[in-house]
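# Overview (structure and organization)
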Amino acid sequence: MFGFGPFAGFLTLTISTIGFLSKLLADDIEEIEPAQVEAIRATGAGYWQVIDFAVVSQVVPRLVGLTAYKVDINFRESSVIGIVGAGGIGATLNTALDRYEFDSAAAILLLIIAIVMTCEYASGWIRKRFA
Amino acid sequence: MPVSRSSEGRVVGWQPKTGQQALFEWAIWFGIVALTVFCWRVMTAGTIWAFVEDAPHQAADLLGRMLPPRWDYANSLWAPLWDTINMATLGTMIAIVIATLLAFLAASNTTPSTILLQPLALLIIVASRSVNALIWGLLLVAVLGPGVLAGIIAIALRSIGFIGKLLYEAIEEIDETQVEAIRATGASPAQIIAYGIVPQIMPAFATIAVFRWDINIRESTVLGLVGAGGLGLALEASLNTLAWPRVTTILLIILATVVVSEWVTARVRRTII
């Protein structure tokens, strides 16, 4: 529908991330402490101020953790999306395999593994530090 | 300091953040926006915007051609469906055997050697998780030829990493007092594992195995797109011949299969936990 290239892959990952993050974030928002919300409301704050100072400050560490996790998953998925035509390194891998250039395919695979491992350590570090 | 004072030392004002903190947060936001704009430019360098504007018409056209689904095609789909379920089940079983061994080697409280075997086991688990099942499938179809065998091995390779990671984390989180009690009776290392560790990880193990089987059912339907057999192969055939009503039938059958497997998983998890 949108033509070849990374734009279609971007839309795919965007839609999947919206679903993933909104569901898990909704569960997290329901688990916040109501005492802080009541305290802010007792100072006479308006609706948006209550959300900004009471709800958001409690939810942000978990949002950072979820985002880091989802970024890691998206990196893995983006290599696969390229195989079905959405561009990126998956398309290069597919081309190399189609042309039986197995040495290039091996190099691309090792590169994908290295990038995904780096991303996973980075996201694990972020989650341990901030969430 | 967030509090600002007059020259006599009285407090005259308060801000939520200090100047330096506010500058740091602004710099981070600036970096994020700059990164987003840069990535957008790189990503849409080759995008043909006329296609993007035309997309709703294309979607409506496609939907018109896909409905109504061709129900009589479902009769020729039972064999590929059976292939898909077999692929997922056999792949998961092979992966469970190998991943259990790797998990015991990778957990820091049960590994026999921390300099050689544990890093090796961890490396195998991480490498198998980093590469998606579809890519393993592509490689194996190039090596073994199209068919269900390539699919089974691709599913097994990916599941080894998933099951191995969750299992070794579960092994590291067990209660040590039970292990010490068994050791105090004079048990050998194999008996310690069998009577002290395995009963503690059994619920986690069953949950992980069934969870991965469920995910593998979904992945094996997609693996057929790269030639590994099952429903995906029928899907690819229908897509390539532009037989859209058949595509709809296949998608509905995939949906039904996934719903049934999720129901089975939920029942098993409820029974165990």
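The following paragraphs examine the structure supplied in this document. Remember, predicted model here, so these are calculated numbers, not experimental data. (Residues numbered from 1 in each chain as written. Chains lettered and ligands numbered in written order. Predicted model: local features only at pLDDT ≥ 70, side-chain atom pairs only at ≥ 80, totals over all residues. Heavy atoms only, no water.)

### Some remarks on the overall build of chain A
Across its full length, chain A carries five helices and zero strands. Ordered by position from the N terminus, the helices and strands of chain A form the series α-α-α-α-α. In terms of C-alpha radius of gyration, chain A reaches 20 Å, well past the compact-globule figure of 14 Å for 131 residues. Of all 131 residues assigned to chain A, the portion counted as buried reaches 34%. For chain A, long-range pairs separated by at least 24 residues make up 63% of all intrachain contacts whose partners lie at least 6 apart in sequence. (Helix = DSSP H or I, 4+ residues; strand = E, 2+ residues; numbered from the N terminus. Rg over C-alpha atoms; globule rule 2.2 N^0.38 Å. Buried < 20%, exposed > 50% of the residue type's maximum accessible area, 1.4 Å probe, protein only. Contact = heavy atoms within 4.5 Å.)

### Quick word on the pairing of strand β2 (residues 11-14) of chain B
Strand residues, when the strand is regular, have side chains that alternate between the two faces of the sheet. Residues and elements named next belong to chain B. Pairing between strand β1 (residues 3-5) and β2: three bridges, direction antiparallel. Bridged to S4 within β2 is G13. Connecting β1 to the next strand, β2, in antiparallel fashion are five residues, including G9 with a positive phi near 100°. (Pairing = 2+ DSSP bridges.)

### A few points about the packing of aromatic side chains
Applying the stated rule across the entire model yields 10 aromatic pairs over all chains. Ring geometry for B:W26 and B:F30: centres 5.2 Å apart, planes at 10°, overall stacked. Taken together, the positions of B:W26 and B:F30, both in helix α1 (residues 19-43) and four residues apart, correspond to about one turn of that helix. Across this residue pair, the class does not change: B:W26 and B:F30 are exposed. The residue whose ring lies beneath A:K70 is A:F20, and the NZ or CZ to ring-centre distance is 5.0 Å. Stacked on the ring of B:F162, the Lys or Arg B:R212 has its end atom at 4.7 Å from the ring centre. (Phe/Tyr/Trp six-rings, centres within 6.5 Å; stacked < 30°, edge-to-face > 60°. Lys NZ or Arg CZ within 6 Å of the ring centre and 35° of its normal.)

### Remarks on the interface of chain B and chain A
Facing 23 residues of chain B, the contacting portion of chain A comprises 21 residues. Across the contact surface, chain B and chain A share one salt bridge. Note that A:E120 and B:R129 form a salt bridge whose closest N and O atoms lie 3.1 Å from each other. Inspection of the chain B/chain A interface yields one residue pair in polar contact (both at pLDDT 80 or more). For the side of chain B that touches chain A, the elements supplying multiple residues, two or more each, are α1, α2 (49-66), α4 (117-130) and α5 (133-144) of chain B. Among the elements that make up the side of chain B that touches chain A, the one with the highest residue count is α2(B) (six residues). Residue composition of the side of chain B that touches chain A, grouped by class: 16 nonpolar, five polar and two charged. (Salt bridge = Lys/Arg side-chain N within 4 Å of Asp/Glu carboxyl O. Polar contact = N/O pair within 3.5 Å; in protein donor to acceptor, adjacent residues only side chain to side chain. Nonpolar A, V, L, I, M, F, W, Y, C, P; charged D, E, K, R; others polar.)

### Considering a nonpolar patch on the surface
All names here are of chain A. Side chains of V56, V60, V64, W125 and F130 sit close together on the surface and give an oily, nonpolar patch of about 440 Å² of accessible area. Among the secondary structure elements, those contributing two or more residues to the nonpolar patch are α3 (47-81) and α5 (102-130). Ranked by residue count, the leading element in the nonpolar patch is α3, at three residues. (Patch = residues over 30% accessible without salt bridge, like charges linked within 9 Å, V, L, I, M, F, W, Y side chains within 5 Å. Areas by Shrake-Rupley, 256 points an atom, 1.4 Å probe, with all protein chains shown as cover.)

### Here we look at unusual backbone geometry
The amide bond that connects B:L67 to the next residue, B:P68, takes the cis arrangement and shows omega of -5°. Mapping B:P68 onto the fold places it in the loop between α2 and α3 (78-106). The residue A:Y100 is not glycine, and still its phi comes out positive at about 60°. Locating A:Y100 in the fold gives a position in the loop between α4 (89-98) and α5.

### A few points about the environment of A:T92
All names here are of chain A. Within the secondary structure layout, T92 lies in helix α4. Overall, T92 belongs to the partly exposed group, its relative accessible area being 43%. Separated by 13 residues in sequence, T92 and A105 have C-alpha atoms that sit 8.3 Å apart. Only 3.3 Å separates the side chain of T92 from the backbone oxygen of G88, close enough to count as a polar contact.

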